[in-house]
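Each chain, written out:
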Amino acid sequence: MDKKKKRRKKYRVIRNRIVVCIFMAGVVSVLGWAFLRIIKTDRKSETRMTGAGIAFVIPDGPDSQIEETEQEAVVWRQETVARAERLAASYDYDGAIGILQSIDGYESDPAITEQIGSYEEAKAACVPVNMDEVTHVFYHTLVVDQNRAFANQDTDPQAVGNNQWMTTISEFEKITQEMYDRGYVIVGIHDLIDTVTDENGVTTYQPAQIMLPPGKRAYVLSQDDLCYYHSYDNYGYAARMLVGPDGKPTCEYIQEDGTHVKGAYDVVPLLDAFIEEHPDASYRGAKGIIALTGYNGILGYRTDNSYLDINGNLNDDKKNWLKEHPDFDIEQERAGAKQVADALKEDGWEFASHTWGHLRIGDVSLERLMSDTQKWRENVEPLVGAVDTIIFAHGQDLGAWGDYDEGNAKYRYLREQGYQIFCNVDSNLYRTWFGKDYLRQGRRNLDGLRIYFNAIGEQDNVGDLFDAKEVIDPLRPPVKKAH
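Keep in mind it's a predicted model, so treat the numbers as computed, not measured.

Colleague: Is there a simple way to think about the overall build of the chain in this case?
Modeller: Looking only at helices and strands, one finds 15 helices and 19 strands in the chain. Approximately 25000 Å² of the chain is accessible, and the part contributed by carbon and sulfur atoms is 51%.

In structure tokens, the structure reads:
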């Protein structure tokens, strides 16, 4: 009996222990379930650590999917508000309001309705730009290395020209900043034009209405000869344009030791960076006009079919370049140029013809102009697309200011070729003329000549834009007057 009693007592102890274990397991299970539910409510992470360092991973399921959707909605809302803020900063108040109104339930969101109200107030406070006082400034390729560009002023004609016609990076950045500080805002040249078509299908040009806050002034910007000519080699300029990893246009520069580097070495990437930081420096994302010739290719690529001249009828620059590049492939060059041109257009830049051969439009014959235009169409237009703007070289034009003479054969030919915007170079602060169905605008060269002679007090024709004494590069030598 004693043995039986001992056995029954042992069984009771074991049974009680099992019951306790089952109970404790149940408690742990409930607590674990509750703990996981608490963790699931945290939307910032799918994994959390306990104090003991044990990781609990929330499995995929309906709850986590709902939370991900909610988080995506929050992110989308934040991005939408940011896009609206950017549009409003560039004076597109209607676009900003439209974006905010695309948010579901915006009417009951005090923050959104307040923002819409602020944009409506800013829009109502804007005033129309005086279209007779829109200046147009332009640059050539910027000098990166002053020592290489300006050396030997007494013996090197190219260095003299560099000093006369080129602006340095330092000067460009100071001018851009000072014009911004004075309230200047870049507008696209097509922003100036309002086209009206009557019942007979006849289109006429009229001044558009650009609305900006009080104190702001509009200006157009262009850059000539963005081709990186052979004559620029070894003088401290960028070598060509590229598309950066972010899809934006940038530059390649060859340092004096031959090292190739990439970065903001010319007008385009420098202005892009400035507008990225100061969106109110640009009206609705406008950038500038790039005026291209074609005889050395475009954007630093040797895209012109003259490089394929089987008879060897090439100048020394092209002969030497081809010797240095025995693997030259014109189709590869054109593909590279087109990729950059597409990126430039996507980035807000426009293109214009500067004539294929940098012609003096007033001096050349009609036959020469026709031949030159055909070369531009064959070699440049396929890469940048059709353009309606021609920027004349050497400061020349087709006639006196005012309406063009319809009897001028060169004018008629250019109109037949699709050109409707004509720009020259002059020294007026601003000069814009609306013809019946075309636009003329004078441009101001912000180059070494203008900066230097304003800085020393011999000229006074940039003071409305910047203080030349503060802008001039200390490494710029005295500039010889152009003849």
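What follows picks up the thread again.
Colleague: Before we go on, may I ask you to explain the pattern of salt bridges in this structure?
Modeller: Charged atoms that come close allow side chains of opposite charge to pair. Enumeration according to the criterion identifies 20 salt bridges in this entry. Residue Asp 437 pairs with Arg 415 through a salt bridge whose shortest N-O separation is 3.0 Å. On the criterion of sequence distance, the pair formed by Asp 437 in the loop between β17 (432–434) and β18 (439–441) and Arg 415 in helix α13 (residues 409–416) is long-range, its members being 22 residues apart. Taken together, the salt bridges that share partners define one network made up of Lys 248, Asp 272, Lys 287 and Asp 347.

Colleague: Which parts of the structure should I look at to understand the confidence of the model for the chain?
Modeller: Should the pLDDT be low somewhere, the predicted coordinates at that spot are not to be read in detail. Per-residue pLDDT for the chain averages 88, and the proportion of residues at 70 or more is 85%. Counting contacts from residues 1–59, a segment whose pLDDT is below 50, to residues more than four positions away or on other chains yields 28 contacts.

Colleague: Please explain the packing of aromatic side chains as it appears in this structure.
Modeller: Where two aromatic rings form a pair, the distance of their centres and the angle of their planes describe that pair. Inspection of the entire model under this criterion finds 19 aromatic pairs. A ring pair is formed by Trp 321 and Phe 328, whose centres lie 5.5 Å apart and whose planes are at 85°; its orientation type is edge-to-face. Geometrically, the ring pair formed by Tyr 404 and Phe 422 is edge-to-face, given 5.3 Å between the ring centres and 80° between the ring planes. Of this pair, Tyr 404 sits in the loop between β15 (389–391) and α13 while Phe 422 sits in strand β16 (residues 421–423), and the two are 18 residues apart along the sequence. In this structure, Tyr 404 and Phe 422 share a single accessibility class: buried. Grouped by ring-pair contacts, the aromatic residues Tyr 229, Tyr 232, Tyr 237, Tyr 295 and Trp 356 constitute a single cluster. Lying across the ring of Trp 356, Lys 375 places its NZ or CZ 4.4 Å from the centre. The ring of Trp 401 is capped by Arg 431, whose NZ or CZ atom sits 4.2 Å from the centre of that ring.

Colleague: Even after reading the chapter, I still don't get the side chain of Ser 222, so can you show me in this structure?
Modeller: By the element assignment, Ser 222 lies in strand β9 (residues 217–224). Side chain to side chain, Ser 222 and His 136 meet in a polar contact 2.9 Å long. There is a polar contact of 2.9 Å between the side chain of Ser 222 and the side chain of Arg 443. Setting aside anything within four residues of it in sequence, one finds Ser 222 in contact with His 136, Val 137, Phe 138, Tyr 139, Ile 289, Ile 391 and Arg 443.

Colleague: So what exactly am I meant to see when it comes to the side chain of Thr 168 here?
Modeller: Structurally, Thr 168 can be placed in the loop between α6 (157–165) and α7 (169–181). Among the polar contacts listed, one links the side chain of Thr 168 to the side chain of Asp 473, at a separation of 2.9 Å. Among residues more than four places away in sequence, those in contact with Thr 168 are Leu 142, Val 143, Gln 146, Phe 150, Asp 473 and Arg 476.

Colleague: Can you walk me through the environment of Tyr 307 in this structure?
Modeller: Secondary-structure assignment places Tyr 307 in the loop between β13 (289–292) and α9 (316–324). Since its relative accessible area comes to 4%, Tyr 307 is described here as buried. Sequence-wise, Tyr 307 and Trp 321 are 14 residues apart; in three dimensions their C-alpha atoms are separated by 9.6 Å. Beyond its immediate chain neighbours, meaning those up to four positions away, Tyr 307 contacts His 230, Tyr 295, Asn 296, Arg 302, Leu 314, Lys 318, Trp 321, Leu 322 and Phe 328.

Colleague: Would you mind going over α7 with me for this structure?
Modeller: For an α-helix, the turn length of 3.6 residues means that residues three or four places apart are oriented alike. With 13 residues, α7 extends 18 Å from end C-alpha to end C-alpha; this agrees with the ideal 18 Å at 1.5 Å per step. Within α7, the full set of buried residues consists of Ile 169, Glu 171, Phe 172, Ile 175, Thr 176, Glu 178, Met 179 and Tyr 180. Contact partners of the buried residues in α7: β4 (135–139), β5 (184–186), β9, α8 (267–277), α14 (448–455) and α15 (468–471). Gly 183, located one to two residues past α7, shows a positive phi value of around 95°.

Colleague: It is not clear to me how the packing of helix α3 (residues 93–100) against helix α4 (residues 110–125) should be interpreted in this structure. Could you clarify?
Modeller: Two quantities define a packed helix pair, namely the angle between the helix axes and the distance between the axes. Look at α3 against α4: their axes get within 9 Å of each other, and the N-to-C directions meet at 165°. Put simply, α3 runs roughly antiparallel to α4. Pair α3 / α4 crosses with left-handed handedness. Between α3, through Tyr 93, Asp 94, Ala 96, Ile 97 and Leu 100, and α4, the contact on the second element is made entirely by Ile 112, Gln 115, Ile 116, Tyr 119, Glu 120, Ala 122 and Lys 123. Per-class residue counts for the contact of α3 with α4 are 8 nonpolar, 1 polar and 3 charged.

Colleague: How should the nonpolar core be read in this particular structure?
Modeller: Generally speaking, nonpolar side chains in soluble globular proteins are found buried as a group. In terms of nonpolar packing, the biggest core is built from 80 residues, with Leu 292, Leu 299, Leu 344, Val 384, Leu 414, Phe 422 and Phe 466 touching the most fellow members. Discounting residues that sit within four places of it in the chain, Leu 292 has contacts with Leu 226, Cys 227, Ile 298, Leu 299, Phe 351, Ala 352, Ser 353, His 354, Thr 355, Trp 376, Val 380 and Val 384. The next biggest cluster of nonpolar side chains, apart from the first, holds 36 residues, and it includes Ala 88, Ile 97, Tyr 119 and Ala 218.

Colleague: In this structure, what is going on with the sheet that holds strand β10 (residues 238–243)? I would like to understand it.
Modeller: Hydrogen bonds along the backbone pair up the strands of a sheet, which may run parallel or antiparallel. With antiparallel pairing, the 3 strands of this open sheet are ordered in space as β10-β11-β12. Each of the sheet's edge strands pairs with one partner strand only, and the pair in question is β10 and β12 (260–263). Between one strand and the next, the sheet's axes are offset by a mean angle of 30°, whatever the strand orientation. As paired elements, strand β11 (residues 249–254) and β12 share 4 bridges and run antiparallel to each other. Residue pairing in the sheet places Cys 251 in a bridge with Gly 263 of β12. Each of β10, β11 and β12 is contacted by α8, which is oriented at about 135° to β11, the strand it contacts most.

Reading the values: rules and limits
Residues numbered from 1 in each chain as written. Predicted model: local features only at pLDDT ≥ 70, side-chain atom pairs only at ≥ 80, totals over all residues. Heavy atoms only, no water. Helix = DSSP H or I, 4+ residues; strand = E, 2+ residues; numbered from the N terminus. Areas by Shrake-Rupley, 256 points an atom, 1.4 Å probe, with all protein chains shown as cover. Salt bridge = Lys/Arg side-chain N within 4 Å of Asp/Glu carboxyl O. pLDDT = per-residue confidence, 0-100. Contact = heavy atoms within 4.5 Å. Phe/Tyr/Trp six-rings, centres within 6.5 Å; stacked < 30°, edge-to-face > 60°. Buried < 20%, exposed > 50% of the residue type's maximum accessible area, 1.4 Å probe, protein only. Lys NZ or Arg CZ within 6 Å of the ring centre and 35° of its normal. Polar contact = N/O pair within 3.5 Å; in protein donor to acceptor, adjacent residues only side chain to side chain. Expected span 1.5 Å × (residues − 1). Axes fitted to C-alpha atoms, helices over the stretch in contact; angles between N-to-C directions. Parallel < 35°, antiparallel > 145°, perpendicular 65-115°, else oblique. Left-handed = near helix turned anticlockwise from the far one by under 90°. Nonpolar A, V, L, I, M, F, W, Y, C, P; charged D, E, K, R; others polar. Core = buried A, V, L, I, M, F, W, Y, C linked by side-chain atoms within 4.5 Å. Pairing = 2+ DSSP bridges.

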